[in-house]
Amino acid sequence: MADVRVVHSVDRRLGGSRLAELVTGAAAGERPGYRALAQAIRALLLDGRVPLHTRLPAERELASALGVSRATVTAAYDLLRDSGFAASRRGASTWTELPEGRRPANVTAFAPGMAGGTADGTLDLAIAAPAAPAAELGDAVAAAAAQLPAHAPTAGYHPYGIPELREAVAERFTRRGLPTLPDQILITTGAQHAISLVLSLLGRPGERVLVENPSYPNALDAIRRAGLRAAPVPVTDAGWDTALIESTLRQAAPRIAYLVPDFQNPTGALMEREQRVRILETARATGTWLLIDETIADIALDVPPPPPFASLAPHGVAEQVVTVGSLSKSHWGGLRIGWVRAGSRLITELAMARVPTDIATPVLEQLVALHLMGGIDEVLRERLPRLRASRDALAAAFTRQLPEWRWQLPPGGLSLWIDLGAPIASSLARAALGHGVRIEGGSRFGADPGTHEHRLRIPFTLAPELYEEAAARLAAALASGPDAADGADPRHGDWVA
Ligand SMILES: Cc1ncc(COP(=O)(O)O)c(C=O)c1O
């Protein structure tokens, strides 16, 4: 067979000072040795902060920006080349690469029925996503397969989504207190698709988007990729600072505000009704679009499920609220079914805008989703007590075995946002891998690189009985010190959910 290789054009270039800033952010201010430098660059590549096929700075330039010797950078680049994470031509520059066949470790090896347990015995605490409700999924797939022949004589392209599913999603909004018509709904390939679509339709490159800090990393990445500029406002253990949100809306004049008011990822915070009303009023005055991410809204553990944010909108501002959601947390991320709720004119524009990317979401998956929507209350009735038990088991095990760590028990959502008391998250993540546990350091959730190094996000999507073991492994990693896993990959996948 002919040797077919893709020749990539390498037209992006990363400056020495920018890479140094990213690297030292990840290393919490330490001056890295060559192994740590190679690991940091590999980690930045794997989590998308340094794009693939980007020209790395000249060795001398990076050495001077980092305050290390040129030999350190030469050795780090050699290591990256040897492991397939960089390539270069003789006499030319070095660029980022991925080794042949490289796949994200955390999506390859889930044990059946258990999110977060991997085939090699590693506990995966990096992904905040539950496993599918297997029986209900099986039934829905069988029912959808039986219905598919009725769609077969049609072309099967539905840029807005199949009418039955649009109607079911609209009905659920209506039942939750926000009267909605099917033509206000667009079916998307997950909430992530919905977020990217809305950002790129409503925002023009260079415009600002108000974001929570920390926030959901894939939304932050989508904002960067759309050429938009983040205007971060903090979310702390006390929740949102409404006055700061209001002044940012007024002073930074963002085009869009991206908010996750229900069990925010990663903090788990729930925005108060009064805060929602104030934000809606200010957004009306400043003409800012509110992109409200309700992906986690169903995971209400200790409180009644919050009504849709847009249901509080006074007359005249409702059209400015664009809501996204999905079945990923109530059911399963593997379905890739999400939606946008907005004014019908905007829905038409979004449908036209999605055509050049994917034309439409697959009909079979939409039929599966339609059946699952019919039984959503029953699925949640089973799912929520299990998540509550896992959250409480996690909190109890960590209180016993990691008594220095602090957190607020969130009233819902899928994770604890843990304060480690010191900026050690990246080095702890490296050490933890050597002890058979994957964790996600807080910096992945920061709107600015290198921040939130004193935080960890730990999901409670594993079975309750696994948390004693997870805590024991983390305690051992903590005791072994940050250098214990020298040579291990400081990042363990390409993405975070
Ligand atoms: C806040 C938030 N928004 C969006 C998503 C993406 O959801 P989906 O799987 O529906 O694309 C997630 C998934 O973790 C999330 O936590």
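Scroll up for the structure.
The rules behind these values
- Residues numbered from 1 in each chain as written.
- Predicted model: local features only at pLDDT ≥ 70, side-chain atom pairs only at ≥ 80, totals over all residues.
- Heavy atoms only, no water.
- Near = heavy atom within 4 Å.
- Polar contact = N/O pair within 3.5 Å; in protein donor to acceptor, adjacent residues only side chain to side chain.
- Areas by Shrake-Rupley, 256 points an atom, 1.4 Å probe, with all protein chains shown as cover.
- Helix = DSSP H or I, 4+ residues; strand = E, 2+ residues; numbered from the N terminus.
- Salt bridge = Lys/Arg side-chain N within 4 Å of Asp/Glu carboxyl O.
- Buried < 20%, exposed > 50% of the residue type's maximum accessible area, 1.4 Å probe, protein only.
- 1 Å grid on protein atoms, 1.4 Å probe; cavity = no way out; pocket = protein on both sides within 12 Å on 5 of 7 lines; lining within 4 Å.
- Points joined across faces, edges and corners; volume = space filled by probe spheres on them.
- Nonpolar A, V, L, I, M, F, W, Y, C, P; charged D, E, K, R; others polar.
- Domains from an automatic or database assignment.

S.K.: It is not clear to me how the site of the ligand should be interpreted in this structure. Could you clarify?
M.R.: Around the ligand there are 14 residues in total, and Asp293, Ser326, Ser328, Lys329 and Arg336 lie nearest to it. For the ligand, an oxygen atom lies 2.9 Å from a polar atom in the side chain of Asn265. Within the side chain of Ser326, one N or O atom sits 2.7 Å away from an oxygen atom of the ligand. Computed on the free molecule, the ligand has an accessible area of 400 Å², of which 96% lies beneath the protein chains in the complex. Looking at the shell around the ligand element by element, the count peaks at four residues for helix 7 (residues 190-202).

S.K.: Teacher, can you tell me more about the pattern of salt bridges here?
M.R.: As a working rule, side chains carrying opposite charge can pair if their charged atoms are close by. Under the definition given, this model contains 21 salt bridges. For Asp221, the salt bridge identified is with Arg444, shortest N-O distance 3.3 Å. Of this pair, Asp221 sits in helix 8 (residues 217-225) while Arg444 sits in the loop between strand 15 (437-441) and strand 16 (455-459), and the two are 223 residues apart along the sequence. With a relative accessible area of 17%, Asp221 lands in the buried category. By relative accessible area, Arg444 is classed as buried at 6%.

S.K.: How do you make sense of empty space enclosed by the protein when you look at a structure like this?
M.R.: Any empty space left between the atoms is revealed when a probe the size of a water molecule rolls over them. Within this structure, the stated rule accounts for two cavities of 30 Å³ or more. Looking at the largest cavity, it is lined by 13 residues, and the ones nearest its centre are Arg172, Phe173, Arg176, Glu294 and Trp339. Those elements giving two or more residues to the lining of the largest cavity turn out to be helix 6 (163-175) and strand 12 (321-326). Of all the elements, strand 12 adds the most residues to the lining of the largest cavity, at four residues. Of the residues in the lining of the largest cavity, the class split is six nonpolar, three polar and four charged. Roughly 60 Å³ of internal volume is contained in the second largest cavity. Around the second largest cavity, the lining residues are Ala128, Phe263, Gln264, Asn265, Gly268, Ile296, Lys329, Gly413, Leu414 and Ser415. Looking at the lining of the second largest cavity, its residues break down into four nonpolar, five polar and one charged. The residues that make up the lining of the second largest cavity include at least three from each of domain 2 (123-128 + 378-487) and domain 3 (135-373).

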